[in-house]
Each structure stands twice: as structure tokens, then as C-alpha cells.
Amino acid sequence: MGQLVKLMDCISRYETDVYYYVPEFIRLKQRQWEQAKARWQAERTAEASGWLETGETWDGWLDKPSWWERLTKRWRRRAALTEEEPFSFAPMARPAATLEELKQQFLDELFELQLKWASSTMMYVSSLDEAVYGDETLKYFLQRFPDTHLCFYRPVAMVGKAPVELETMVLTPSAIWCIAFVEGRSDNIVMASTGRFWVERAGTSETRRVNPVVSLRRTEQIVSDIFRNHAVDWPIHLVLLNRYGYIDSGGLFPFVRYIDKRNYEEWFSRLRRSALPLRHGQLKAAEALLRHCASFYDRRQDENMSGEEGQQ
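This one's a predicted model, so the numbers in the text were calculated from it and none came from an experiment. (Residues numbered from 1 in each chain as written. Predicted model: local features only at pLDDT ≥ 70, side-chain atom pairs only at ≥ 80, totals over all residues. Heavy atoms only, no water.)

Caption draft 1: Looking closely at the confidence of the model for the protein. Looking at the protein, pLDDT values average 84 and 82% of them are 70 or higher. The low-confidence segment residues 57-91, where pLDDT is below 50, has 79 contacts with residues more than four positions distant or belonging to other chains. (pLDDT = per-residue confidence, 0-100. Contact = heavy atoms within 4.5 Å.)

If you want it as C-alpha cells, here you go:
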């Protein structure tokens, strides 16, 4: 599960210490998944032997919290920071019938946890639009990629005093991928050009869309400047992605990787199969990017503090 390091212009606890939170998330996920799976398997065994009725759980028999309650218990920031914070999740609507269903339930629970990590710290919180909880593109980045892949989802960088929205970036142990989606109807054809607008053909209809290479190059330039200023040496790849249709590049923009229906599975499988561990240079790159991202937030009301808005 990819990690949501930065969400638009929300404050993120990764900003406070990316070196701590990135490996901590991996440890937490692995530990809680093993506990969830063991509990689920024990309940299935008990049902088969007649100890439990179908659909009943150990939680009804034992005076112990369920796995999702344990998942959301208080977490320690680190030994030097003793303040803890509880996390609340909605209970499962029904027990998982299969291991695959359990995995999906688990990922959905972690998705909400990731949104909380990416929009709050111990003292501050950013407001989230309800639409983000159903954002399928965001879920795609978080639920389909490995834990070592760090996602900057539509981040806003501060260039001088001006905020600039960047394309979504995935920082892997080997490179950073700046990704622009050019998707539309299934089997559409997006035709590249050097002009301001590109043409998208779907069946007999044609629509115009803004040339995405402009935003990709702007993202590349800003990231390159940040890396250079912080002595970060990390490859930058530009991607135009159309998972369900085609891109007719016309031989233009050779510095862009065109990923469409013809080569998507190969590209995606290569990223998913990556067995490289987290690297110090990767975390250094993430820290540098976070320093230059905009964050708008308020003080937590539960801290009995005034609603003072901030930016960093």
C-alpha cells in the first residue's frame, strides 16, 4: 500500500519527521495485518468446529477489542514525544467471507487512516472535502502500489510566494514519477500536439483538452530546482497515463513516457514487483519536497486553542 505523504495543500504529519513516519507506517501495517489475519482464521476454525455461530466473532466471547479497534488505539509518536492520539474507524458492516475480502476491508480501513495522517498533526488539522474519501484515483495510488512508494497527491508547491499545483508524484526507491492522467471514455484516443490543446477522440465524438505536457514540465522544473537546492540526486521520470485508452504521441515529446492500454500492464507490474527497500536518498528527497509544499491548517479545536489559520 503506497503511503500518502502529501495530500494537496493539507498539513501532513510526515512533514514533522518523514524519517520516522515512513518506516513506522510499514511496521504498523504489517503488524496489524498479521493480527487481523490470525484472528479471522481463528474465527473461521471456530465456526467450522461449532464453537461459534456463523458470522459471530471472538469479540463476543472474549473481553478484548476487535482488530480494527486495536488498529486505531493510541500510537506513540516516539519516546521523546509522549503525547498520543486515538484514531476512530467505523466498525465492519459484516465479517469477511474470504481472505481477499478481508484484505480489501483492511486496505479500506488504512485508507481512512492515511487520510488522517495526511491532513493532521498532533496540534493542527486541515479541512478535507468529503469527495476525497471516494477519490478512486487516490485509492489507485495508495492501494495498488508497494509500501515503499511515497505518494504526493496533487501537491501545491510554494514558488517564491506563489502557490503552484503540481502533478501527482510517486517517489520510489529508485526514481520519482511525475504522472499526469489523460483518461476519458474507454478505448478513447488522445492525440498529442505542440499546441495548447490536444484532441480526444471517443467513438464519433471529439473533445479538446489542455496540453498536459505543460503541467508535467512545470512539475519537473520545480522538482529539479528543489532537488538541486538540497543536493538530492534522484532520477525524475515524466509519465502520461491512459489506462483504458490510447495515446497517439506522433513522435512528440521524447522526454515523456507514454503509458496507455498497450503497455500499461507491463509498466504497472514492474513498479508493483519492485523489491527495493526504502533508501536514505529517497527519504531525503521526500523531506526536501515537503519543505517546499504549501500547508494550510487550523489549530485543533480539541486542544482548546483558537482557530488560527497557518501556512508553511
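Caption draft 2: Layout of the pattern of salt bridges. Applying the stated rule across the entire model yields 14 salt bridges. Put simply, R154 and E165 hold a salt bridge, and the shortest N to O gap is 3.5 Å. In this pair, R154 sits in the loop between β5 (150-153) and β6 (156-159) while E165 sits in strand β7 (residues 162-165), placing the two residues 11 residues apart along the sequence. With a relative accessible area of 34%, R154 lands in the partly exposed category. Exposure remark for E165: the relative accessible area of 45% places this residue in the partly exposed category. In this structure, the salt-bridge partner of E183 is R243, at a minimum N-O distance of 2.7 Å. (Salt bridge = Lys/Arg side-chain N within 4 Å of Asp/Glu carboxyl O. Helix = DSSP H or I, 4+ residues; strand = E, 2+ residues; numbered from the N terminus. Buried < 20%, exposed > 50% of the residue type's maximum accessible area, 1.4 Å probe, protein only.)

Caption draft 3: Summary view of helix α6 (residues 264-272). Listing the buried residues of α6 in full gives Y264, W267, F268 and L271. When α6 is viewed along its axis, its buried side chains cluster within an angular range of 95° and face the same direction. Exposed residues lying more than 90 degrees from the buried face of α6 are E265 and E266. Buried residues belonging to α6 abut α4 (136-144), β9 (176-181), β13 (236-241) and β15 (256-259). (Arc of directions from axis to C-beta.)

Caption draft 4: Up close: the nonpolar core. L4, Y14, L138, F227, L240 and W267 are the most contacted members of the largest nonpolar core, which has 77 residues in total. Each residue touching L240, except ones within four places of it in the same chain, is listed here: A180, V182, W198, P212, V213, L216, I247, V256, R257, Y258 and I259. (Core = buried A, V, L, I, M, F, W, Y, C linked by side-chain atoms within 4.5 Å.)

Caption draft 5: Just the pairing of β7, in detail. Pairing of β6 with β7, which is carried by 4 bridges, proceeds in the antiparallel orientation. Residue pairing in the sheet places M158 in a bridge with P163 of β7. Hairpin connection, β6 to β7: the antiparallel pair is bridged by 2 residues, and G160 has positive phi, about 70°. (Pairing = 2+ DSSP bridges.)

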